[in-house]
Amino acid sequence: DHNPSITLLKKMEKVRQASHAGSWYTDNPTKLSSDLGEWLTATGLTKSPHVRGVIAPHAGYAYSGRAAAYAFANIDPTNITRIFILGPSHHYYTPKCALSTAKVYKTPIGDLPVDVEMIKEIRAMGKFGMMDLRVDEAEHSMEMHLPFLSKVFQGHDVKVVPILVGAVSAENEAMYGELLSKYVDDPNNFFSVSSDFCHWGSRFNYMHYDNNHGPIHKSIEALDKMGMDIIETGDPDAFNKYLLEFDNTICGRHPISIFLHMIKHSSSKIKINFLKYEQSSQCQTMRDSSVSYASAAAAAKSEC
């Protein structure tokens, strides 16, 4: 075991590489930093110390980067020391939530250390699985938030707690939300929830169309807005009911539901507000397809 290359390999194992850099977003640090800066500034939003969490998309930055900036531009990094990241699992099946085994999450513009102590604490609850590095690196839902977080928290000591949310039942969404709710009460904690909205078209096997709204893209918008309005009420059961009724293909439905349960069970009064909504393209015919992107900030209501 005293072979230095083996020791080095063991250390390296624990680093999650920015596996989607160079494809889903640029791996050029200068370009990435200036793109992110430009998008954040373009929102015209002010940083607020009340913002405790975001819901933001996770598509390639060419598609959703500008919309995502509306979530991240709200963040005042001053007092935040820990970021919980909740992302859906696209490739790996698990009925649980799974914690990262990595020590560091790399991004082209600065790495984010994992809060290993917090991972241990959550693991001790006995309800969470672990995901190995291969699963971690194959998943893009959390990674697409990392460069934004790295940019916004530049120069601040912050650690991340990545939680991969599997195909969790409604009962278990409530269970996980309740278990994690105590972390909402600590104002040094922040929550980054990853989700795209409606995936519409035959390639997604989802073609819900209500022609009362006119063109297809307007019907999609009405459906998404209905979901967004329900999320803003903070009611996880109403959101669940909406999903059962319309089956809207919101890929981060489970992370969003868990976050709603966390807020519901915490003693902090947190209110979610959507700030931006976009579609990758405007569907006109049944042959078209699109993905919707919605960005929200979750802010603590001041006591006054």
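Just so it is clear, the model here is predicted, and its values are computed rather than measured.

Points about empty space enclosed by the protein
If a probe as big as a water molecule is rolled over the atoms, it shows which places are left empty.
Part 1: This structure, assessed with the given rule, holds one cavity of 30 Å³ or more.
Part 2: Lining the largest cavity are Arg16, Tyr105, Met131, Val135, Asp136, Glu139, Met142, Glu143 and Leu164.
Part 3: Within the lining of the largest cavity, the residues separate by chemical class into five nonpolar, no polar and four charged.

Side note on the side chain of Ser33
Part 1: Counting through the fold element by element, Ser33 comes out in helix H2 (residues 29-42).
Part 2: Beyond its immediate sequence surroundings of up to four residues, Ser33 is in contact with Ile109 and Lys151.

Some remarks on the side chain of Asn74
Part 1: Following the sequence through the fold, Asn74 ends up in the loop between helix H3 (61-72) and strand E3 (82-88).
Part 2: Within polar-contact distance, the side chain of Asn74 engages the backbone oxygen of Tyr70 at 2.6 Å.
Part 3: There is a polar contact of 3.0 Å between the side chain of Asn74 and the backbone oxygen of Ala71.
Part 4: When sequence neighbours within four positions are dropped, the list of residues in contact with Asn74 reads Leu45, Thr46, Lys47, Ser48, Val51, Leu275 and Ala297.

What about the nonpolar core?
Nonpolar side chains in soluble globular proteins generally cluster together in the buried interior.
Part 1: Counting 89 residues, the largest nonpolar core has Phe72, Ile122, Ile163 and Ile272 as the members making the most contacts within it.
Part 2: Leaving out residues up to four positions away in the same chain, Ile272 has contacts with Ile55, Ile231, Glu232, Phe259, Leu260, Ile263, Ala296, Ala297 and Ala298.

Considerations on the sheet that holds strand E1 (residues 15-16)
Part 1: Taken together, the three strands give an open sheet; going across it, the order is E1-E5-E6, and neighbouring strands pair in mixed fashion. Every interior strand has two partners, whereas the edge strands, E1 and strand E6 (112-113), have only one.
Part 2: As paired elements, E1 and strand E5 (residues 104-105) share two bridges and run parallel to each other. Within E5, the position partnered with Val15 by the bridge is Val104.

Some thoughts on the pattern of salt bridges
Opposite charge on two side chains permits pairing when their charged atoms draw close.
Part 1: Under the criterion given, the structure shown has 11 salt bridges.
Part 2: Ionic pairing is found between Glu143 and Arg16, a salt bridge with its closest N-O pair at 3.0 Å. Of this pair, Glu143 sits in the loop between helix H5 (133-138) and helix H6 (146-152) while Arg16 sits in strand E1, and the two are 127 residues apart along the sequence.
Part 3: Classification of Arg16 by relative accessible area gives buried; the value is 1%.
Part 4: Salt bridges linked by common partners bring Arg16, Asp136 and Glu143 together as one network.

Topic: the packing of aromatic side chains
Part 1: Applying the stated rule across the entire model yields 13 aromatic pairs.
Part 2: Plain terms: the ring middles of Phe153 and Phe190 are 6.4 Å apart, the flat faces sit at 65 degrees to each other, and that makes the pair edge-to-face. Placement of Phe153 in the loop between H6 and strand E8 (159-165) and of Phe190 in strand E9 (residues 189-194) is noted, with a sequence separation of 37 residues between them. Of the two residues examined, Phe153 and Phe190, each falls in the buried class.
Part 3: Residues Phe191 and Phe259 carry aromatic rings whose centres are separated by 6.1 Å and whose planes lie at 40 degrees to one another, so their mutual orientation is tilted. Of the two residues, Phe191 sits in strand E9 while Phe259 sits in helix H10 (residues 253-265), which places them 68 residues apart along the sequence. Of the two residues examined, Phe191 and Phe259, each falls in the buried class.
Part 4: Each residue in the set Tyr25, Trp39, Tyr61, Phe72 and Phe148 is aromatic and connected to the rest through ring pairs, giving one cluster.

A few points about the packing of H2 against H3
Part 1: Running from N to C, H2 and H3 point in directions that differ by 55 degrees, and their axes come no closer than 8 Å. Accordingly, the angle class assigned to the pair H2 and H3 is oblique. As H2 packs across H3, the resulting crossing turns out to be right-handed. Together, Leu32, Leu36, Glu38, Trp39, Leu40 and Ala42 of H2 and Tyr61, Gly65, Arg66, Ala69, Tyr70 and Phe72 of H3 make up the contact between the two elements.

The rules behind these values
Residues numbered from 1 in each chain as written. Predicted model: local features only at pLDDT ≥ 70, side-chain atom pairs only at ≥ 80, totals over all residues. Heavy atoms only, no water. 1 Å grid on protein atoms, 1.4 Å probe; cavity = no way out; pocket = protein on both sides within 12 Å on 5 of 7 lines; lining within 4 Å. Points joined across faces, edges and corners; volume = space filled by probe spheres on them. Nonpolar A, V, L, I, M, F, W, Y, C, P; charged D, E, K, R; others polar. Helix = DSSP H or I, 4+ residues; strand = E, 2+ residues; numbered from the N terminus. Contact = heavy atoms within 4.5 Å. Polar contact = N/O pair within 3.5 Å; in protein donor to acceptor, adjacent residues only side chain to side chain. Core = buried A, V, L, I, M, F, W, Y, C linked by side-chain atoms within 4.5 Å. Buried < 20%, exposed > 50% of the residue type's maximum accessible area, 1.4 Å probe, protein only. Pairing = 2+ DSSP bridges. Salt bridge = Lys/Arg side-chain N within 4 Å of Asp/Glu carboxyl O. Phe/Tyr/Trp six-rings, centres within 6.5 Å; stacked < 30°, edge-to-face > 60°. Axes fitted to C-alpha atoms, helices over the stretch in contact; angles between N-to-C directions. Parallel < 35°, antiparallel > 145°, perpendicular 65-115°, else oblique. Left-handed = near helix turned anticlockwise from the far one by under 90°.

Distances and angles like these do not, on their own, reveal function.
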